[in-house]
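# Coordinate analysis (summary)
So you can see what is in the structure, the chains are spelled out below.
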Amino acid sequence: MLSLPLLKQSIKSNAVMWGSMTGVMTLLCIQFSSLDMTRSLLFTIFYGMMTTILPGIYVLVTANKLLASQVDRGSMAYVLSTPIKRSTVTFTQAFYLVNSLVLMFAIQTGAHLIVNNISPISFATLGLNMLKGDLTSKMIIQVNLSALMVCIALAAVCFMFSGVFSSSKYAVGLSGAFTGVSILANMLAMFGSLGVEGLDKFKYLTICTFYDYQSVLFSDSDWMVKMIFPIAIAVIAFGIGEIVFSKKDLPL
Amino acid sequence: MNDIIKVSNLTHDYGHGRGVFDVSFTVKKGETLGFLGPNGAGKSTTMRHLMGFSSPQSGNVSINGLDCRKSTGRIMEKVGYLPGEVALPDGLNGREFIKMMQGMHKTKNDERTAYLLKKFRLDTDVPVRKMSIGEKRKLAVVTAFMSDPDILLLDEPTSGLDPLMQEVFIDFIKEEKQRGKTILLSSHIFSEVEALCDRIAIIKDGRLVSTVDAQEVRHGLHNIMTVEFKDKDDLLQFCNSGLELSGRDDKHLRCSVKVYDEDINAFISAVKCLKIKGFSEHSVTLEEYFMHFYKKDRATGGVCYA
Ligand SMILES: Nc1ncnc2c1ncn2[C@@H]1O[C@H](COP(=O)(O)OP(=O)(O)O)[C@@H](O)[C@H]1O
Ligand SMILES: [Mg+2]
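Residues numbered from 1 in each chain as written. Chains lettered and ligands numbered in written order. Predicted model: local features only at pLDDT ≥ 70, side-chain atom pairs only at ≥ 80, totals over all residues. Heavy atoms only, no water.

Right, let's get into the site of ligand 1. Residues and elements named next belong to chain B. Ligand 1 sits among Tyr14, Arg18, Gly19, Pro38, Asn39, Gly40, Ala41, Gly42, Lys43, Ser44, Thr45 and Arg48. At 2.9 Å, a backbone N or O of Gly42 approaches an oxygen atom of ligand 1. Isolated, ligand 1 exposes 570 Å² of accessible area, and the fraction of that covered by the protein chains is 70%. Counting residues per element, the ones that place at least two in the shell around ligand 1 are β2 (18-28) and α1 (43-50). It is α1 that provides the largest number of residues to the shell around ligand 1, a total of 4 residues. Across the shell around ligand 1, the residue classes break down as 3 nonpolar, 6 polar and 3 charged. (Near = heavy atom within 4 Å. Polar contact = N/O pair within 3.5 Å; in protein donor to acceptor, adjacent residues only side chain to side chain. Areas by Shrake-Rupley, 256 points an atom, 1.4 Å probe, with all protein chains shown as cover. Helix = DSSP H or I, 4+ residues; strand = E, 2+ residues; numbered from the N terminus. Nonpolar A, V, L, I, M, F, W, Y, C, P; charged D, E, K, R; others polar.)

Laid out in C-alpha cells, this is it:
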C-alpha cells in the first residue's frame, strides 16, 4: 500500500515548502502568544486566519506537485514503470500530505504549549471578559485539532483536483479557487462575527466554518461535532482522487 | 505462449485522424522487433498502451499473457522502459535518482549499475536539472536496464545521444540480444533498426503498413548495375542476355540491369567478353525500401518515389 522510496522522494522534494510554512507558522504563533503588543490578537489574527492561510498555501502547492504536475511534466512515467501500482502512488502521496500537515500542526502546537506554560495568557487579555482564568494546554490542543481537520479537508480537495486533472493548469486553478474562496470567506465571516453587519453570511461559503475555536474556549462540544464534516469531506475527496487517478488514461 | 508482447487490433482514436487504428503485432521471446515510423505515426501511443498508461478503446494489449492495463504492476516486474521524452523528477542528482529507482524496483544490482554507468560514461553527481539532454537520456538508459529486465520497451532510444554514444548504445543492445532479451524498439531511424532488429513493423498514420523479416528484406534487395559500352553491337548483345533491364540509353550506349545477389554470376558472364567503357553499381538500401512506404500513398495521393 505504501511505497517507502516514493515517500522519501515526496518528503525530499517538498521539504523546502513544508519547512518554510512550518517555520513561519511556529514563529508567528510564538510571537502572538508571547509579545504583549500582539497577545490580545492571538485568536482573531493567528488562530483566526494564519492557521488556515499558511497550511492552505502549503497544500495548494504540494497537492499539485504530488500528482498532477508529475503527470504534466512526464516524470510520473518513471514511477509507473516500476512494479508500484497507481493505487500505491495515490495512497503514498495522500499519506505524505496528511502526515506533513499533522507534523506541521504538532510543531506549532508544541511551541505554543511551551510558551503558554512559561507565561500563561488570561481570557481577559484575549478580550473574553465573561470567562475566568487562563488559556489551558487542553484548549490549545483542541483548537489545533479543530484547525488541522479543516486543513486536511482542504488538502483532500486539492489532492482530488490533482488526481483528476493531468495538467497542473487545471489542478492548480481549481484548487486555488477552492482554497482562496474558503479562506477569504472565512475572513469575511470573521469580521461579521466581530460585528460588521451582513458579513456573517459568508460562513456558509467556507469549510473553515467547521473549525470553531470559540466553541473550544467556551468549553462546549460544538467543535467536536463539527469535525465530522471535514473528516467526511476528506474521505470522499481523497477517495475520488484515488479512483479517478487509478482509472484514467495518463498522457505520459 | 511464445509471444511475450502481444498487441491485437489496438485502436485509440484521438480525433482528427490521430491515434492508432487496428494495430496488431507480436514479439516473440528473445526477439527484437523494430517499430519504425515517422513522427506522429503512433509509436509512443502504442508504447503507452503497453505500459498501461492508457486503455485501448478497442483491442487488446498484453505482456506475458497479462493485460497491460489490469496487471500493470506485475508486468513491470519484468519490464524495462525507456520513455520517448525524458522528464526526470526534479530536486535529485543522478545518484539519488538511481537509488530511488532501485528502491521502487525493489532490486539492487550494484555490479550491473556500475557496469552501465561505466559503459555510458555517466557522471551521477550532477543534479538532474543541470544535465544536458544527452546526459538525462543516458541516465534514463541506465535506470531502464539496471534491474536487468527480460523485456525492454525502448521508445526512440538513441534520440538525443551523440553519434559516439549511439554506437555504444547499439553495441549494448546487441549484447542484450545475445543474452536473450525480448525487445520492442521504436525508431524513425532506419540504420539503427536495420542494425538491431530481427523483424520490422512499419507504422504510418496510426496504421501498420507492413511487418517484414529484416533478413528477408536484406536478401531481397538488389543492385542496379549500369554498364557503358564502346559500340552498339555489344550494347545490343548485353540487352539480349536475359538479365532484367531497368533502363537503356542508346545515345550514350548505356544499359542498366537489376541484379539480385544470386544473379551476380550470370551478370559477370554476360559482360565478360564485351568491350566496356565504364561501369557503376548502385545498391538499393533498406532505407530506400522504407522510403517507398513512407512516401507512397500520402493523403495527397502523390507517389514521390523516384
Ligand atoms: N493524449 C492524446 N490526445 C490527443 N492526441 C494524441 C494524444 N496522444 C497522442 N496523440 C496524437 O497521436 C498521434 C501519434 O502520436 P505518437 O504516438 O506520440 O507518435 P510517434 O510515432 O511520433 O511516437 C500524434 O498525432 C499525436 O498528436
Ligand atoms: Mg514518440
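Picking up where we left off.
As a further point, take empty space enclosed by the protein. Tallied over the full model, the rule gives 3 cavities of 30 Å³ or more. For the largest cavity, the calculated volume is near 60 Å³. Every residue lining the largest cavity is listed: Tyr78 and Ser81 of chain A together with Val79, Gly80, Tyr81, Leu82, Pro83, Met101, His105, Ala140, Thr143 and Ala144 of chain B. Of all the elements in the fold, those that place two or more residues in the lining of the largest cavity are β6 (79-82), α3 (94-105) and α5 (133-145) of chain B. The dominant element in the lining of the largest cavity, judged by the number of residues it contributes, is β6 of chain B, at 4 residues. Residue classes in the lining of the largest cavity are distributed as 8 nonpolar, 4 polar and no charged. (1 Å grid on protein atoms, 1.4 Å probe; cavity = no way out; pocket = protein on both sides within 12 Å on 5 of 7 lines; lining within 4 Å. Points joined across faces, edges and corners; volume = space filled by probe spheres on them.)

Evaluation of the coordinates by the stated rule reveals 19 aromatic pairs over all chains. For the ring pair Phe145 of chain B and Phe172 of chain B, a centre distance of 4.8 Å and an interplane angle of 80° mean the geometry is edge-to-face. Here the residue Phe145 of chain B occupies a position in helix α5, and Phe172 of chain B occupies one in helix α6 (residues 163-178), the gap between them amounting to 27 residues. A residue is classified by how much of its surface remains accessible, and Phe145 of chain B, at 0% relative accessible area, is buried. Phe172 of chain B sits in the buried class, given a relative accessible area of 0%. An aromatic cluster of at least three residues, connected via ring pairs, comprises Phe32, Phe43, Phe46, Tyr47, Tyr211 and Tyr213 of chain A. (Phe/Tyr/Trp six-rings, centres within 6.5 Å; stacked < 30°, edge-to-face > 60°. Buried < 20%, exposed > 50% of the residue type's maximum accessible area, 1.4 Å probe, protein only.)

The side chains of a regular strand alternate, first on one face of the sheet and then on the other. Residues and elements named next belong to chain B. Residues Val79 and Tyr81 of β6 are buried on one face, and the alternating residues Gly80 and Leu82, pointing to the opposite face, are buried as well. Alignment of β6 against strand β7 (residues 151-155), held across 4 bridges, turns out to be parallel. The residue of β7 that forms the bridge with Val79 is Ile151. (Pairing = 2+ DSSP bridges.)

Residues and elements named next belong to chain B. Counting buried residues along strand β11 (residues 222-229), 7 of its 8 residues qualify, which places the element largely inside the surrounding structure. Judged from the 7 bridges that link them, β11 and strand β13 (residues 254-260) form a sheet pairing that is antiparallel. Bridge pairing in β13 places Ile224 opposite Lys258. Sheet topology places β11 next to strand β14 (residues 276-283); 7 bridges connect them, and they run antiparallel. Residue Val227 lies in a different strand from β14, and its bridge partner there is Phe279.

A few words on the pattern of salt bridges. All names here are of chain B. Applying the stated criterion to the full structure yields 20 salt bridges over all chains. Between Arg112 and Asp148 there is a salt bridge whose closest N-O contact spans 3.6 Å. Residue Arg112 is located in helix α4 (residues 110-119), and its partner Asp148 is located in the loop between α5 and β7; the two are separated by 36 residues in the primary sequence. Judged by relative accessible area, Arg112 falls into the buried class, the value being 10%. Asp250 is the partner of Arg248 in a salt bridge, and the nearest nitrogen-oxygen pair spans 2.9 Å. What emerges from the salt-bridge pattern is a single network uniting Arg112, Asp148, Glu176, Arg179 and Lys181. (Salt bridge = Lys/Arg side-chain N within 4 Å of Asp/Glu carboxyl O.)

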